[in-house]
Amino acid sequence: MSKKPSFRQLEIYWVDLNPTRGAETKKKRPCLILQDDVVNQNSRTVIMAPILPGHKEWPFVVNLKPTKSNGLDKDRHVNLKQLRAVDVSRITDKKGVLENRYMEVIKEALGIVFDL
């Protein structure tokens, strides 16, 4: 039996989101791991959100700037209304780690999505 991968909150990985239906975010994309590290260590699924190109002024997205740490190639946004629980087999190469300074705005956007 192979060792279960270990993922950490705010890491960015390439994730194969196919197959999809309807308006779901499609294809292989960078995605942000959102679930807590304790859950990550004890689960074969990971809750994440896709990172898409460009800048958006929607209350449920967080706009990101590329840095050496996060590994992004251009301005992008994480779409927090497209959360997905994916099996770890969909996750491939690590791209980087999102800076902690984004955590508060991520929590605010999730609060909007879930009316918290």
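Values in this document were obtained by computation on a predicted structure and should not be read as measured data.

Caption draft 1: Representation of the overall build of the protein in the model. Assigned secondary structure in the protein consists of 2 helices and 7 strands. Walking the protein from its N terminus toward its C terminus, one meets helices and strands in the order β-β-α-β-β-β-β-β-α. In terms of overall size, the protein behaves like a compact globule, its C-alpha atoms giving a radius of gyration of 14 Å where 116 residues would be expected to give roughly 13 Å. On the principal axes, the C-alpha backbone points of the protein span a range of 45 × 35 × 30 Å. The buried share of the protein, reckoned over its 116 residues, is 42%. Of the roughly 6,900 Å² that the protein leaves accessible, carbon and sulfur atoms contribute 53%. Where the 21 positive side-chain charges of the protein centre and where its 14 negative ones centre are 6 Å apart.

Caption draft 2: Fine view of the pairing of strand E6 (residues 84-87). Only one face of E6 is covered, namely the face carrying Arg-84 and Val-86; the face carrying Ala-85 and Asp-87 is uncovered. Sheet analysis places strand E3 (residues 45-53) next to E6, joined by 4 bridges and oriented antiparallel. Of the residues in E6, the one forming a bridge with Thr-45 is Asp-87.

Caption draft 3: View of the packing of aromatic side chains. Applying the stated rule across the entire model yields 2 aromatic pairs. Between the aromatic rings of Phe-7 and Tyr-13, the centroid separation amounts to 5.0 Å while the plane-to-plane angle is 90°, which identifies the pairing as edge-to-face. Each of the two residues, Phe-7 as well as Tyr-13, counts as buried.

Caption draft 4: Main features of a nonpolar patch on the surface. Where nonpolar side chains cluster on the molecular surface, the patch consists of Val-113, Phe-114 and Leu-116 and spans about 340 Å² of accessible area. Along the chain, Phe-114 turns up in helix H2 (residues 103-114). The exposure class assigned to Phe-114 is partly exposed, which follows from its relative accessible area of 48%.

Caption draft 5: Structural view of the nonpolar core. Formed by 17 residues in total, the largest nonpolar core has its most connected members in Leu-32, Val-62, Leu-64, Val-78, Leu-80, Leu-98 and Ile-106. Of all the elements in the fold, those that place two or more residues in this core are E3, strand E4 (61-64) and H2. When residues of this core are assigned to their parent elements, the largest contribution, 4 residues, is made by H2. Ignoring sequence-local partners within four residues, the contact set of Val-78 consists of Leu-32, Ala-49, Pro-50, Ile-51, Phe-60, Val-61, Val-62 and Leu-64. Residues Tyr-13, Ile-33, Met-48 and Val-88 belong to the second largest nonpolar core, which totals 11 residues.

What counts as what
- Residues numbered from 1 in each chain as written.
- Predicted model: local features only at pLDDT ≥ 70, side-chain atom pairs only at ≥ 80, totals over all residues.
- Heavy atoms only, no water.
- Helix = DSSP H or I, 4+ residues; strand = E, 2+ residues; numbered from the N terminus.
- Rg over C-alpha atoms; globule rule 2.2 N^0.38 Å.
- Buried < 20%, exposed > 50% of the residue type's maximum accessible area, 1.4 Å probe, protein only.
- Areas by Shrake-Rupley, 256 points an atom, 1.4 Å probe, with all protein chains shown as cover.
- Lys, Arg positive; Asp, Glu negative; His and termini not counted.
- Charge placed at Lys NZ, Arg CZ, Asp CG, Glu CD.
- Pairing = 2+ DSSP bridges.
- Phe/Tyr/Trp six-rings, centres within 6.5 Å; stacked < 30°, edge-to-face > 60°.
- Patch = residues over 30% accessible without salt bridge, like charges linked within 9 Å, V, L, I, M, F, W, Y side chains within 5 Å.
- Salt bridge = Lys/Arg side-chain N within 4 Å of Asp/Glu carboxyl O.
- Core = buried A, V, L, I, M, F, W, Y, C linked by side-chain atoms within 4.5 Å.
- Contact = heavy atoms within 4.5 Å.

Purely spatial values, then, with no claim about function.
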